[in-house]
Structures are given as structure tokens and as C-alpha cells.
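Each chain is listed here by its residues.
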Amino acid sequence: MAEVATVMPLHEVPAFRGLKEVAKEFGVEFTLFGGAATRALMYMHYRPGEDFDLFNLTPFTSDIDLWHNGEREDTPNIMQAINETILFAPWCRWALQDADIGKKAAVNRSRSTRVPLRSLALSTLESMEIPTAAIEDLQARRVSFERNEAYRQSDFARKGRDAEIFGLIMALNLLADMRDIAGEGELTEEEEALRWVTAPDAWQELYAPVDTGRLTTRLWHLLASYMARSNPGSSRAADVLIEFAGQSEGLRSAKVDLQGVFFDGQPLSASKMTAAGGFRVPELSPEVVTGVEAQTAFEKICTELQEAGLPAHDLPQIDPAFELIGVVPEITVRGEAGTRYEDGGNPDSVFESWSPADFVHLAWQDDGGAKSDLNPGHLNPAGMTACVLPRVADQSYGWANAAAVGGRFAGGRNWIRVDLQDTTDRGRDAKDKPASILILQSRL
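Residues numbered from 1 in each chain as written. Predicted model: local features only at pLDDT ≥ 70, side-chain atom pairs only at ≥ 80, totals over all residues. Heavy atoms only, no water.

Novice: Give me the confidence of the model for the protein: which residues, what numbers.
Specialist: The predicted coordinates should not be examined in detail at positions where pLDDT is low. Taken as a whole, the protein shows an average pLDDT of 85; of its residues, 87% reach a score of 70 or greater. Throughout residues 341–348 the model reports pLDDT below 50, and contacts reaching past four residues in sequence, or to other chains, amount to 25 contacts. Low pLDDT, under 50, characterises residues 368–377; the predicted model gives this stretch 19 contacts beyond four residues in sequence or across chains. (pLDDT = per-residue confidence, 0-100. Contact = heavy atoms within 4.5 Å.)

Here you go:
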């Protein structure tokens, strides 16, 4: 394949068509960086001529890191314009940074683990050059990394808002991206990664007294992204890392069996951190019922709602255009306010890559048996959607109006991303809202 030294301007990438108009409206320029930029470059390199959209660039928990060179007070209006202009924008998590925050974030990134494929960026201003090291990794279908001696000087490291091991997990997530898009890939320093993971001080930062809750949240988001898309045995370092991370007091207190999730295929969920601490949806490994049993689970929910006093004519009904393929019988949607930009950004990211969007991300692996409708010949990833059903016998709650998108990873897990904002806004006096998730598929 011919070597590519530059990449087209951001607004010429079909998934971001219309962004130049937004830039012109507000007198700013945009720069895309992070995982979405790397995935876009991977699609262009490994699958030239193939169409890809925002959903391809934001699998599972991934967000869209976008930096504008304008003022902070313009950010909400710019984000609204993006949602109105860019196709599928409301279905994705956007981490939109202003000029000041973007510069600080860039400094912190420069002091984190060096991963050439995370140095890629696209801009509306001009074509961007691709660093030589990144080109070499793309061509060799590998993910390389190097620990950064400047890490300890970063603001986040000094304030206890970062852990150096996160850089390695980020590289592992890039490996999952490469294998998904290119079909194969390897971690070049597998032995070095294994030594890093097993070093006595590797996990010290995660047990530090400062900001431990925030670090636990970040750790879970990074691990959830990797575990949803990868299988045991893909990387020895990753397998050992997950075994060690499962001993974290933060994850144990969250009542999640990390090894059960990864090695035994138990479901997993990830959601944003609330201002009070903890996850919006605290069940990190909720039950997921699939196949013919999903209908039974749904009927049980309806019966319980009716017994609680919900009139029969207000019971939920599924549009015939959709078929029910899964049910999450019980989750809790916590009613506390979410973290705010004014509070320093979303603490689930260490690079000031924050997103105000309030989604729950769910990944599960069906049993593949005779009772399962979720087999490769039946599941249509492009047709998957979901809705949140509050378990409250009050018709004013109703069905939640929420954007949802899902799919299936090559490793075998299915995934869905569901907007929780509408559910959170309903019944604000309720601290904890019991709910179910209905996983649907279009019959079209």
C-alpha cells in the first residue's frame, strides 16, 4: 500500500461533512484527535474507498475528541450546531474543548505514554501530516508504545487525576481498534508491557488517597472498552493486567467480578460518573436476558407494573416494526446531577476529554444456543436499538425518549449505547430510578 504522508482536511471526511459550515458560522477551526481520529485514519488506510460514519468511529464507550480554537462560552452553542448539522451526532458522545482547555490537554497528552497512533489528528484548517512512526505502525499493523519520562511532571499526575498504567490500557484499546478495522494487529512491546503490568509500583497510583474514586471510574471505562471488544488470549499482558485490576478495592466495592466479565463472558455496563461519585448506572455487570426468554422477561415486567397500579392501557407495547431480542430486567439510574464542565470536566478522562452526554453502554455475549435469537445469521447490527423503561407505576414517566445504537464486535459480544438524559430528567425528586432496558431490532 502506498505510504500516506498527509491526510485530507477534517470536513472532507464524509462522517464530518458539514463541520466546515459550523466552523464558518462561529469563526473557529476544529481539530479532531484521540481515538476517533485514529479510527478514521485506520479506515482510510486499511479500507480505502469504503464508507464509514460516526458509528464506526465511536464503538461502545468511545467519544469524539474535538478541539475548537474559540472561547469557552461559545462551546454550548457550537455543540448544538454540531448536533443539528452532523449526521448521527446526537447518538454519540462528544468531548468538545475550547482553545484554553485544548491547549492544557495537549500539554498533558505530551507527557503521557507515547503511542504514535494516538498522535494523529485531522483539522478543518488544512491537511495534516502523519508522523513517520505512525505511518510505520499502520503499515506493519502494530501498536507501539513507550513510557514517558516526563509523566510525573504532568498536572494530572501531580494532582492524582491520572495513573501511568492508563497509557498502556489506551494502547491495548488501540490494538482492539486495529484488529477490528484491519483484521489483525499486534502489540510490539508485549514483553515490556508484561513487565510493566507486574511491576510492584504499577498500581500504586490507583490506591493513592487523592481522587481514588475518579481513577477507579477511569480505570473501569478503559477496561470496559477493551473487554467488550477483545477475547482472553489476545494479549498476555492484557490478561494479566485484568487479573491485577480485579484486585482493585475500587472495583471490588463496585461489586463487579472483573475476571468473570472478561474470562467468563459476563455482561458489562459503563456510564458516566455523577457529581456525588459513583456511576450513573451502578450495576457494572447487570443481567441480560436474550432469545425467546426475553419475551418472558418483558411480560413479567408488564405484570409487575400492572400489579403496582399501572392501568392496563398504559402498559408498554412494542411496535410491530421491531422485535424484542433482549431485556435487561433491572438497572438503577441514579438521579444525582452529573459532573459539569465548570467542575473541571468529566473525571472519567485524564486528558480533559470530557463529554456531557449521559449514556449507558452495555455489552453482552449471548449463549449461541438454540434458545438464542442473537446468532450471527440473525442479528442485524445496523438495525439494533433500545429503550429505557422506568419501573414506576406512573404513566407520567412513560417510555424514555432516547437515542440508541448498537452492534456486534468480531470477538462475539453484542453492544448497545442508550441515552439516559430523558430518564434522568424524569422524576427529579427520585434519587434512584429503577428501570429496565429493552433491546430491539428493526424487522426492516
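Now that the structure has been shown, we can carry on.
Novice: Mind laying out the side chain of Asp137, listing which residues take part and the relevant values?
Specialist: Relative to the elements of secondary structure, Asp137 occurs in helix α6 (residues 132–140). Take Asp137: its relative accessible area is 2%, and that puts it in the buried class. Among all residues touching Asp137, those that are not within four sequence positions of it are Tyr46, Pro116, Leu117, Arg142, Val143, Ser144 and Met178. (Helix = DSSP H or I, 4+ residues; strand = E, 2+ residues; numbered from the N terminus. Buried < 20%, exposed > 50% of the residue type's maximum accessible area, 1.4 Å probe, protein only.)

Novice: Outline the side chain of Thr385, listing residues and values.
Specialist: Of note, Thr385 is situated in strand β13 (residues 384–390). Residue contacts for Thr385: discarding those within four places in its chain leaves Phe322, Ala404, Ile416, Leu438, Ile439 and Leu440.

Novice: If you had to explain the sheet that holds strand β3 (residues 63–68) to someone new, which residues and values would you point to?
Specialist: Across the sheet, which stays open at both edges, the four strands sit in the order β4-β3-β2-β5 with mixed pairing between neighbours. The open sheet has two free edges, formed respectively by β4 (93–97) and β5 (122–123), since each of these has just one partner strand. By the bridge criterion, two bridges tie strand β2 (residues 30–33) to β5 in an arrangement that is antiparallel. Note that in β5 the partner of Thr31 across the bridge is Ser123. Against the sheet, helix α2 (residues 34–46) contacts β2, β3 and β5, and its axis sits at roughly 80° relative to β2. (Pairing = 2+ DSSP bridges. Axes fitted to C-alpha atoms, helices over the stretch in contact; angles between N-to-C directions.)

Novice: Pulling in residues and values, what's your account of helix α14 (residues 292–307)?
Specialist: A rise of 1.5 Å per residue sets the reference length of α14, with its 16 residues, at 22 Å; its end C-alpha atoms lie 24 Å apart and thus fit the reference within 8%. Residues of α14 that are buried: Ala294, Ala297, Phe298, Ile301, Cys302 and Leu305. Along the axis of α14, the buried residues cluster in a sector spanning 140°; they form a single face. Among the exposed residues of α14, those pointing more than 90 degrees away from its buried face are Thr296, Lys300 and Glu307. Looking at the packing, one finds that the buried side of α14 touches β10 (289–290), β11 (322–334), β13 and β16 (432–442). At the C-terminal side of α14, Gly309 shows a positive phi close to 115°. (Expected span 1.5 Å × (residues − 1). Arc of directions from axis to C-beta.)

Novice: So what's going on with the pattern of salt bridges? Which residues, and what values?
Specialist: Overall, the coordinates contain 16 salt bridges when judged by the stated rule. For the salt bridge of Asp100 with Lys104, the shortest nitrogen-to-oxygen distance reads 3.6 Å. With Asp100 and Lys104 both in helix α5 (residues 99–110) and four residues apart, the pair spans about one turn of that helix. Taking relative accessible area as the criterion, Asp100 reaches 45% and is therefore assigned partly exposed. Given the relative accessible area of 47%, Lys104 is considered partly exposed. (Salt bridge = Lys/Arg side-chain N within 4 Å of Asp/Glu carboxyl O.)

Novice: Residue-level account of unusual backbone geometry, with values.
Specialist: In terms of backbone geometry, most residues other than glycine have negative phi values and most peptide bonds are trans. The phi angle at Phe60 is positive, at roughly 55°, despite the residue not being glycine. Within the secondary structure layout, Phe60 lies in the loop between α3 (54–57) and β3. Of note in the backbone geometry, Arg141 takes a positive phi value of approximately 55° without being a glycine. If you trace the backbone, Arg141 turns up in the loop between α6 and β7 (142–143).

Novice: Describe the pairing of β2, and please don't skip the residues or the numbers.
Specialist: In this structure, β2 lies alongside β3, joined through four bridges in antiparallel fashion. Within β3, the residue paired with Leu32 across the bridge is Leu66.

Novice: Describe the sheet that holds β16, and please don't skip the residues or the numbers.
Specialist: Strand order in this open sheet of four strands is β10-β11-β16-β13, and the pairing throughout is antiparallel. Each of the sheet's edge strands pairs with one partner strand only, and the pair in question is β10 and β13. Two strands pair when backbone bridges link them, and β13 and β16 are joined in this way by seven bridges, in the antiparallel orientation. Across the sheet, Ala386 pairs through a bridge with Ile439, a residue of β16. Helix-sheet contacts for α14 involve β10, β11, β13 and β16, and the interaxial angle to β11 is about 50°.

Novice: Describe the environment of Pro316, and please don't skip the residues or the numbers.
Specialist: Checked against the element boundaries, Pro316 lands in the loop between α14 and β11. In this structure Pro316 comes out as buried when scored by relative accessible area, which is 7%. Along the primary structure Pro316 and Ile301 are separated by 15 residues, whereas in three dimensions their C-alpha atoms are 9.5 Å apart.

Novice: Give me α6: which residues, what numbers.
Specialist: Buried residues of α6: Ala134, Ile135, Asp137 and Leu138, and no others. Summarising the axial view, the buried residues of α6 lie within an arc of 165°, below the 170-degree limit, and thus occupy one face. Of the surrounding elements, those touching the buried residues of α6 are α2, β7 and α8 (165–182). Arg141 occupies a position one or two residues after α6 and carries a positive phi of about 55°.

Novice: Give a description of the nonpolar core that names residues and reports values.
Specialist: Within the largest apolar cluster, 91 residues are counted, with the highest numbers of intra-cluster contacts made by Phe16, Phe30, Ile82, Trp94, Trp220, Leu223 and Leu241. At 12 residues, α8 tops the list of elements feeding residues into this core. In this view, Leu223 contacts Ile169, Leu241, Ile242, Ala245, Leu251 and Leu258; residues no more than four positions away in its chain are not counted. Residues Val333, Trp364, Val388 and Ala435 belong to the second largest nonpolar core, which totals 19 residues. (Core = buried A, V, L, I, M, F, W, Y, C linked by side-chain atoms within 4.5 Å.)

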